[in-house]
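Observations on the three-dimensional arrangement
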Amino acid sequence: MANPPIQLYDTTLRDGTQREGISYSCQDKIRIAQRLDLFGVHFIEGGWPGSNPKDIEFFDRAKDMAWTHAAVAAFGSTRRVNVSVEDDANLNTLLAASTPVCTVFGKSWGLHVTDVLRTTLDENLRLIEESVAYLVVHGRRVIYDAEHYFDGYCHDSVYALETINAAKRGGAEVCVLCDTNGGNLPWRIEEVTRNTMVAVEHPLGIHAHNDTGCAVANSLAAVQGGAIHIQGTVNGYGERCGNANLMTIVPNLELKMDRECLPKGRLNELQDVSRYVTQLANLPFDEHAPYVGRSAFAHKGGVHVAAMRRNALSYQHIEPEWVGNEARTLVSELSGRGNVLTKAEEHGVHVASGVDLEVLQHIKLCEAQGYSFESAEASVALMLERRDPEYLPPFRVIDYEVKAGMREGSRPYAEATVKVDVHGQTEHAISEGDGPVAALDAALRKALGPYIAHLDDIQLVDYKVRILDGGDGTSAIVRVLIDCRRGLRTWGTVGASGNIIEASLYALVDGIEYGLLLDSEPARTKPTHLKASTL
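What counts as what
Every chain is numbered independently, its residues counted from 1 as its sequence is written. Reporting of local features is limited, given that this is a predicted model, to residues whose pLDDT is at least 70; pairs of side-chain atoms are given and counted only at 80 or more, and all residues count toward the totals for whole chains, interfaces and linings. Each side-chain value is derived from all of the structure's non-hydrogen atoms; neither hydrogens nor water enter the calculation. Whether a set of points on the 1 Å grid over the protein atoms alone is a cavity depends on a 1.4 Å probe fitting there but being unable to get out, while an open set qualifies as a pocket with protein on both sides within 12 Å along at least five of seven lines; lining residues are those with an atom within 4 Å of a point. Grid points are joined across faces, edges and corners, and a volume is the space filled by probe spheres set on the points. Helical segments are the DSSP runs of H or I of at least four residues, strand segments are the runs of E of at least two, and each set is numbered from the N terminus. Lines are fitted to the C-alpha atoms to define the axes, a helix being fitted only along its stretch in contact, and any angle between axes, read from their N-to-C directions, falls within 0 to 180 degrees. Roughly parallel means an angle under 35 degrees; roughly antiparallel means over 145; roughly perpendicular covers 65 to 115; every other angle is labelled oblique. Each crossing gets its handedness from the near helix: less than a right angle anticlockwise from the far helix is left-handed, clockwise is right-handed. In what follows, a contact means two residues having at least one pair of non-hydrogen atoms within 4.5 Å. Any residue that is not Ala, Val, Leu, Ile, Met, Phe, Trp, Tyr, Cys, Pro, Asp, Glu, Lys or Arg is counted as polar, Gly included; the first ten are nonpolar and the last four charged. Nonpolar cores are built from buried Ala, Val, Leu, Ile, Met, Phe, Trp, Tyr and Cys residues. Side-chain atoms within 4.5 Å join them into one set. To sort residues, take the accessible area from a 1.4 Å probe on protein chains only and compare it with the maximum for the residue type: under 20% means buried, over 50% means exposed, and anything in between is partly exposed. Strand pairing is assigned whenever DSSP identifies at least 2 bridges connecting the two strands.

1. Concerning the layout of surface pockets
Approximately 450 Å³ is the volume found for the second largest pocket. In this structure, the second largest pocket is lined by 24 residues; those nearest its centre are R14, D15, Q18, W48 and F75. Counting residues per element, the ones that place at least two in the lining of the second largest pocket are helix 2 (53–62) and strand 5 (141–147).

This is the structure in structure tokens:
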């Protein structure tokens, strides 16, 4: 018998917003919800409609929108103690949100019932059953979140099970077991979920927090225990250490556990969804995240890359394209010949016999002197190009001078002078800039401009400086990393020196030279199909 599909319940817009540093606008929430709907999640929890004006606006807009895959859910609590369901403001606000689904949470742990709600255990069971039933009678699908369920089960399993049965009697279609404090471990989650399934014979879900770093593992363990519904957030955003990360859970379910949870053909949108939400959250993207991070399929060690060139499965557990990612080969002092050959193939550079070893040794020497080529692949490509006897660089810097200072009564200034050789022609240029590197860049472009087309299309988009061995004080080696862009293409270059201006010049020259090579790219991008035996 085939395993039943898993329901994905996304709470990025409610629980995820409780992460420190996140604050979405209503329009942000709408855009994220639309993207999640296209992705194919089953439920989108839009927020708590009674908690703030932004969530009220979201639900007001969402009710008039067409949703392809997802049902929008409004979140709230069971009725208040000593207040009837008809008079409970929270429940009526849930109804007013006009969502097809309402999710309500209640207490599973006696400690919370007596110390937080300050009521009796029996009254808590009535709160749960009556609240769920009230929403069901008014035509809502109800999901019940059993708050602190695993802690409650550990304290008093009989009572914890009674709370689930109360929600079941009220008409909840799924009862979600919540590891609210995030303190449980996978084997405990699986055991309690399985025991609960046997006892209540009702569809169960899991809502895990990441305080032990186990939210993903706990969610998968709950599935092993019989859960068919998983609550989580994009990128694991959430309060404290976060919620269960759906970007890791989804591919694990589909690719490792043979459990369907997305419409067919949507898994390859995983990385796009992850980055989309990160951008709207205005947070840095975790490039080391499983499946979706840029480093998830990046290979640096020489032994690894050598094996990968023979069989990609040797150091990859899946095809990166299945989740919208791609494999990358890094070049560094840890590289072997395979790294260099792979990089040559990526850039369409022909490698003569022995050149790969020359370049490899040069890279190792440079990294010992302060270079780092992991994010400067264009500099590596140029190393390979320059070892071709037929390669003619588009220009060569003959000499340069940079002056910086401040004159009385004026702002600080920087002035650069360069002399370049452009295909046998010598050109001088002088230019100013806000700083010495800006002046140097401007002077270089001014000298090259009359001779080279498309130079203005190459834009400097990022400039980073790192001081190596800071204990050497002002004599320390400086590493400069520059990112350039032309159209949709972006590339990185590197320079290193005890002189920051010299390091910057090396990176600037590589950045411009590589950008100019893109003019001849159709002739260069046919890969050199090197056999694995060349390793």
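2. A few points about the packing of helix 7 (residues 157–170) against helix 8 (residues 186–200)
With their axes 11 Å apart at the nearest point, helix 7 and helix 8 run at an angle of 50° to one another. As judged from the angle between their axes, helix 7 and helix 8 are oblique. Like other packed secondary-structure pairs, helix 7 and helix 8 cross with a definite hand, here right-handed. Across the interface between the two elements, L161, I164, N165 and K168 from helix 7 touch T196, A199 and V200 from helix 8. For the contact of helix 7 with helix 8, the per-class residue count stands at four nonpolar, two polar and one charged.

3. Digging into the nonpolar core
Of all hydrophobic cores here, the largest spans 86 residues; its most connected members are F58, Y144, Y149 and L253. Residues V422, V437, L508 and Y514 belong to the second largest nonpolar core, which totals 37 residues.

4. Some words on the sheet that holds strand 6 (residues 174–179)
One closed barrel accounts for eight strands, arranged 1-2-3-4-5-6-7-8; its pairing is parallel. Ignoring strand direction, the axes of neighbouring strands in this sheet form an average angle of 25°. One ladder, built from four bridges, connects strand 1 (residues 7–10) with strand 8 (residues 229–232); its direction is parallel. Bridge assignment links L8 to a residue of strand 8, and that residue is I230. Those strands touched by helix 2 are strand 2 (43–47) and strand 3 (71–77), and its axis lies near 135° from that of strand 2. The sheet strands contacting helix 7 are strand 4 (101–107), strand 5 and strand 6, and the helix crosses strand 6 at an angle near 150°.

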